[in-house]
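Observations on the model geometry
This is what each chain is made of:
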Amino acid sequence: MFKNLLKVAIRNILKERIYSLINVIGLTIGISCSLFLVLYILDELSYDTFHDKKDNIYRVVTHFEEPDNTFSWPIAQIPFAEEVQNKYTEVQHAVRFIGAGRELYVNAEKDKRFYEEDIVYADSSVFEVFNFEILQGNPNTALKAPNSIVLTETLALKYFDKESPIGKSLQQGENDYQVTAVIKDVPHNSHLEFDALISRNTLPAESGSWGSWGVATYLLLKDGVDYKKFESTFSDQIYDTHLKPIFEQFGVTMEYELQALETIHLYSNLEGESGGGDISYIYIFSAVAFFMILIASINYMNLATARAARRAKEVGIRKTAGSTKWQLIRQFLTESTVITVVASLISLLIIVLLLPSFNYVSGKEIELSYLLQPKVILALISIVLLVGIAGGSYPAFYLSAFEPAHVLKGQKASNSGSTALRKVLVVAQFSISITMVISTWVVYDQLQFIRSKDLGFDQEHVLSIMMPDEDMRNKYEVLRNRLMDSPYIIQTATSNTKPGQGLSKNLISVEKEGEGDEEKGVDMYSADYDFLEVMGFTLVEGRNFDRKYTTDTATAIVNEAMVKRMGWTEPLGKKFTFNNEQAYEVIGVIKDYHQRSFYDPIEPLAIFFRANNFQMHVKLKGENLSEALATIEDYWKEVNPDKPLEYSFLQEDFDEQYLADIKRGQIFTVFSSLTIVIACLGLLGLAAYTTRQRDKEIGIRKVIGASVGNIIFLIYKDFIILIGIALLIAYPLAYFSMSKWLSSFAYQTDIKLFTFIFSALLTLLITVVAVGYHSLRAATNNPVKSLRDN
């Protein structure tokens, strides 16, 4: 029985090659794009799920409340982990990750030396909490002893080639680290990223205090512990015991929160975090995948019913020969399923061929083995069932319901209900497509806004060079003097950060406008005399740091946001202190600039003077860049012969904050465009159906004198009405959804009226092109043919 159904289905598909080809193309586009999006979504949802104890692992977050400000950090203090592990039975293990900074590591035996900045100190229990696969060594003892280091597979290969590194050493300054284990590279779907782990015992036991933050801390709770209840318990107790005596006098309160491991990648956007995912894109891409399949299904339904007249006699003959309605339904469903399976197989081939390109565009590392995951296979089966059975069900029931007595007499196989349904489906198609056109344009506008908005500084042709060790910093002035003699270089400066990087926030005692001081949490960093010039900051009041003033070692420059927050009418001369150190006097005010991305508002900032910081910046003239870089490299080798030169351009570093958004925008744009292509195929189907159903009406109109233009306008009028309805649905949907998306940016573009006008004009143009062939053909046909009974 099935074999006969399949044979007849294939015969009918091959008989109508053009019709079948259009269906296969539309379904292939829809299924391919949906599967790509499914792979993207599953990869995003897989972050940190490879840890066996993931359900009991929580990251510690500190929430701060000042009298006029609130913020949260994904970090705690160094003593915190030992406190909770020793005093609370709910905690099985506590693990800290402490950044080691950017340092030079050396394998003297092989004369290999590289700067590394993704190496962290970690507690020895790290492998009891997290599942990082051990390739060599014993995970139970790997980080027990001081000066032990665990390398990732890539780092081990980098320093030791293919030799086993176990028992061998890496030097960093005066430190000599012994390699105790090698682990597989941290999976790409982990929010934790590092290249090596150094034993926490290497650091002094008493390092860190309850008044300083900077340590990523994770707790493994015992089974059955209610983390919310535990959170409130330890948060209050630790605050009262250790933090209240320090911060209550300043009007600052804080509490700890526990963040479930699996929620970090998609749901966390705390201060200092970057490069994570966004759950809103999961919803958006899920909707796009569903809509693409839905539109492809609608296309099949429209095209199948559009050719109903051709199959009406087939149905009549089959029924006369004894076929039942359910036999016909099975036949038509078999045809739709065969077409869907063919499209699915082609889609799988397309995915295999284009997956590397998709990875490049999306920034993913999805492998072909993903296609064998149960969730992907289930998604593919669901697509086949949805399109093949659900999409084919309406045509099957519609076609099988024809009365043989009517269709064999040549009467039209139509009813008003089916016509209305097809129009509803086309309105749905174009509502979705128009919404995506508008959304794509808004995303593009926001990304352009980010790239073109005045950042408050000049990031072009600024080279950044790290100077992590003291010897390099002491030689800075020598290097600077050599560089300033070069015709390719405008200026050099140093600071301990740069735009695009995080800042330290310190509680400072600030002089108020009237009498007395008050405590405020303020972003701070240090810089030298020439930093403002190199960065192109605009000085709106006061002066810059100047070598002729010896007192500038105790001065600071603040931004406009700082002046506003402090309520200063006369900021120059105001003073502040932090860490009970010397007082710094405000000598200048700079225009607000974006230290962080547009997701974050501009915070109050103080730049205090310090010479020879670890971040060097070189402002180039922008001409002959290759010669300029060669000159810098030559001078660097003269001054620092044993230290490799590593640099980056400020503009590239700053733009990395938006790399994930740019890639998501590219994905959204491509798939939105393909959605419109699929919708056009559906429009072709409805145009074919409409003109075929109205051929007698058109013939009569031509006989009584209607011109070709009149006929074309008559056909277009119906489609224009459908587009008008689609616009009324799409406009508010697109506006509210994109307004919500834009709200995630602290600084955002406006949703322009032109975007809505453009979407309407584009839709009309597509309609004119798609319907043009059928309308022109109907208008120029010989009316005698259409008026003759078939």
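Since we're looking at a predicted model, the values are computed, not measured.

**Considerations on the nonpolar core**
Grouped together as the largest cluster of nonpolar side chains are 101 residues, with contacts concentrated most on Ile-31, Leu-39, Phe-285, Tyr-525, Phe-531, Phe-537 and Phe-671. Every residue in contact with Phe-285, bar those within four places of it in the chain, is listed here: Leu-37, Tyr-40, Ile-41, Arg-664, Ile-667 and Phe-668. Within the second largest apolar cluster, 26 residues are counted, among which are Ala-81, Trp-210, Tyr-239 and Val-252.

**Section: empty space enclosed by the protein**
One way to see where empty space is left: roll a probe the size of a water molecule over the atoms. Within the structure shown, the criterion is met by 4 cavities of 30 Å³ or more. Of the voids in this model, the largest cavity is the one considered here, and its volume is about 110 Å³. Lining the largest cavity are 13 residues, with Tyr-593, Gln-595, Arg-596, Ile-602 and Glu-603 sitting closest to its centre. A per-class count over the lining of the largest cavity returns 5 nonpolar, 4 polar and 4 charged.

**Regarding the pattern of salt bridges**
Scanning all chains against the criterion turns up 27 salt bridges. Notably, a salt bridge pairs Glu-231 with Lys-228, separated by 3.7 Å at the nearest N-O pair. Pair noted here: Glu-231 and Lys-228 are both in helix α6 (residues 227-247), with a separation of 3 residues, about one helical turn. One connected set of salt bridges, linked through shared partners, spans Lys-110, Lys-112, Asp-161, Glu-163 and Lys-168.

**Topic: the side chain of Thr-28**
Relative to the assigned elements, Thr-28 resides in helix α2 (residues 17-45). In this view, Thr-28 contacts Ala-343, Ile-346, Ser-347 and Ile-350; residues no more than four positions away in its chain are not counted.

**Concerning α2**
Three or four residues apart is the spacing at which side chains of an α-helix point the same way, because the helix has 3.6 residues per turn. With 29 residues, α2 should reach 42 Å at 1.5 Å per residue; the first-to-last C-alpha distance of 41 Å fits that figure. Summarising burial for α2: 23 of the 29 residues are buried, a large majority.

**Observations regarding the environment of Ser-20**
The topology assignment puts Ser-20 in helix α2. Judged by relative accessible area, which is 5%, Ser-20 ranks as buried. The sequence separation of Ser-20 and Glu-335 amounts to 315 residues, and the corresponding C-alpha distance is 10.0 Å.

**Brief notes about α6**
Between its first and last C-alpha, α6 extends only 26 Å over 21 residues, short of the 30 Å set by a 1.5 Å rise per residue. Listed in full, the buried residues belonging to α6 are Phe-230, Glu-231, Phe-234, Ser-235, Ile-238, Tyr-239, His-242, Leu-243 and Phe-247. Turning to α6, the residues buried within the fold contact α3 (78-87), β3 (91-99), β12 (216-221), β13 (253-260) and β16 (504-511). With a side-chain oxygen lying 3.1 Å from the backbone nitrogen of Lys-228, the N-terminal cap of α6 falls on Asp-226.

Parameters and conventions
Residues numbered from 1 in each chain as written. Predicted model: local features only at pLDDT ≥ 70, side-chain atom pairs only at ≥ 80, totals over all residues. Heavy atoms only, no water. Core = buried A, V, L, I, M, F, W, Y, C linked by side-chain atoms within 4.5 Å. Buried < 20%, exposed > 50% of the residue type's maximum accessible area, 1.4 Å probe, protein only. Contact = heavy atoms within 4.5 Å. 1 Å grid on protein atoms, 1.4 Å probe; cavity = no way out; pocket = protein on both sides within 12 Å on 5 of 7 lines; lining within 4 Å. Points joined across faces, edges and corners; volume = space filled by probe spheres on them. Nonpolar A, V, L, I, M, F, W, Y, C, P; charged D, E, K, R; others polar. Salt bridge = Lys/Arg side-chain N within 4 Å of Asp/Glu carboxyl O. Helix = DSSP H or I, 4+ residues; strand = E, 2+ residues; numbered from the N terminus. Expected span 1.5 Å × (residues − 1). Polar contact = N/O pair within 3.5 Å; in protein donor to acceptor, adjacent residues only side chain to side chain.

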